[in-house]
Amino acid sequence: MITLYHCYGARSFRPLWMLEEMGMPYDLKMLPFPPRVFAKDYLSLNPLGTIPLMIDGDTKMTESSGICHYLGSKYGPTPLIVRTDEPGYGAFINWMYFSDATLTFPQTLVLRYTQLEPEGRRNPQVASDYAKWFLGRLRAVEAATARAETLAAKRFTAADIVIGYALRLAGIIGLAKDFGPNVTAYWERLQQRDGYQRALAAEEAAQQNVAPSVPA
C-alpha cells in the first residue's frame, strides 16, 4: 500500500488529491509542520525533512508533482495522465513542471516571510515582491482557462491537480483575492470535484490526531 507523509495544507496535498481521484488505497501519515523541527524521527525516512514523502515498496519520492505523475503512470491507465501519443501531451508535461518550479516556488517565500519566520525576521518587501512574481506567472493559467475548462487534453488531468494545489495555497496565504476571472472560475470548478472534497475530508480527519505546532 502507498504511504504518504503529509502536513496540513502542504504540497503533499497534490498526491493526496491524486490518490483520491484514482480511488487508490493509501496510508496517510500526518505530521506537525515543519516535521524537521517537530518530528525528528521523520529525518530517518527523509533526511531533507521536507513534505511530501511517498513510499511505495522500495520507491521513495519527495517531489509532489512527480509523485502524481508516478502514480498515474504506474497504476494506470487513467485519464488523469496524458499519453505521449495524445495531442495534449506537451501541454500536460509543461503544466506538471510549471506547477512547482514556477508557481509554488514564489508562494513558499511569501509564506515564509509573512508567517513562518520569527517576527524580527519577517520581511514585507520580500513577500510583496514574490507575491507579484506569483501573480505574474499566474497569467499563463488565466490565459489557458479562457480557452478551455481544463489545462490539457480537453479533460481533467493530473495537471489540474498540481496547478489546483497552487491555487489552494494562494488562498491560504491571502493571494486568491487577486485571481483573474478565469482563474477564479477554474478554481471554483476544481473545488467541486468529488476527489478534491474527499482529499480535504481525509486531511481534516487525519489532522485531528496532530498536535498544533508553531514553526521555529
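The shown structure was predicted, so the numbers you read here are calculated from the model rather than taken from an experiment. (Residues numbered from 1 in each chain as written. Predicted model: local features only at pLDDT ≥ 70, side-chain atom pairs only at ≥ 80, totals over all residues. Heavy atoms only, no water.)

**Student:** Describe the packing of helix α1 (residues 13-22) against helix α7 (residues 158-172), listing the residues and the values that go with them.
**Tutor:** Interhelical geometry of α1 versus α7 gives an angle of 135° and a closest axis separation of 9 Å. In terms of orientation, α1 lies oblique with respect to α7. The two elements α1 and α7 meet at a crossing, and its hand is right-handed. Of α7, the residues touching α1 (which contributes Phe13, Arg14, Trp17, Met18 and Glu21) are Ala158, Asp160, Ile161, Val162, Gly164, Tyr165, Ala166 and Arg168. Here the contact of α1 with α7 is composed, by residue class, of eight nonpolar, one polar and four charged. (Axes fitted to C-alpha atoms, helices over the stretch in contact; angles between N-to-C directions. Helix = DSSP H or I, 4+ residues; strand = E, 2+ residues; numbered from the N terminus. Parallel < 35°, antiparallel > 145°, perpendicular 65-115°, else oblique. Left-handed = near helix turned anticlockwise from the far one by under 90°. Contact = heavy atoms within 4.5 Å. Nonpolar A, V, L, I, M, F, W, Y, C, P; charged D, E, K, R; others polar.)

**Student:** If you had to explain the pattern of salt bridges to someone new, which residues and values would you point to?
**Tutor:** Applying the stated rule across the entire model yields 14 salt bridges. Of the charged contacts, one joins Glu20 and Arg198 as a salt bridge, the two residues approaching to 3.2 Å between their closest N and O atoms. In this pair, Glu20 sits in helix α1 while Arg198 sits in helix α9 (residues 194-207), placing the two residues 178 residues apart along the sequence. On the accessibility criterion, Arg198 (37% relative accessible area) is partly exposed. We note a salt bridge from Lys29 to Asp27, for which the minimum N-O separation is 3.2 Å. (Salt bridge = Lys/Arg side-chain N within 4 Å of Asp/Glu carboxyl O. Buried < 20%, exposed > 50% of the residue type's maximum accessible area, 1.4 Å probe, protein only.)

**Student:** Quick rundown of the pairing of strand β1 (residues 2-6)? Include the residues and the values.
**Tutor:** Of all five residues that make up β1, five are buried, and the element is covered over most of its length. Side-chain alternation along β1 places Ile2, Leu4 and His6 on one buried face and Thr3 and Tyr5 on a second face that is also buried. Where β1 lies against strand β2 (residues 26-30), five bridges are found, and the strand directions are parallel. The residue of β2 that forms the bridge with Tyr5 is Lys29. (Pairing = 2+ DSSP bridges.)

**Student:** How would you explain α9 if you had to name every residue and give the values?
**Tutor:** Here α9 is 14 residues long and its end C-alpha atoms lie 20 Å apart, about the 20 Å a rise of 1.5 Å per residue gives. Buried within α9 are the following residues: Gly195, Tyr196, Ala199, Leu200, Ala202, Glu203 and Ala206. Take α9 and look down its axis: the buried residues cluster within an arc of 160°, on one side only. As for α9, its buried residues are in contact with β1, α1, β2, α7 and α8 (181-191). (Expected span 1.5 Å × (residues − 1). Arc of directions from axis to C-beta.)

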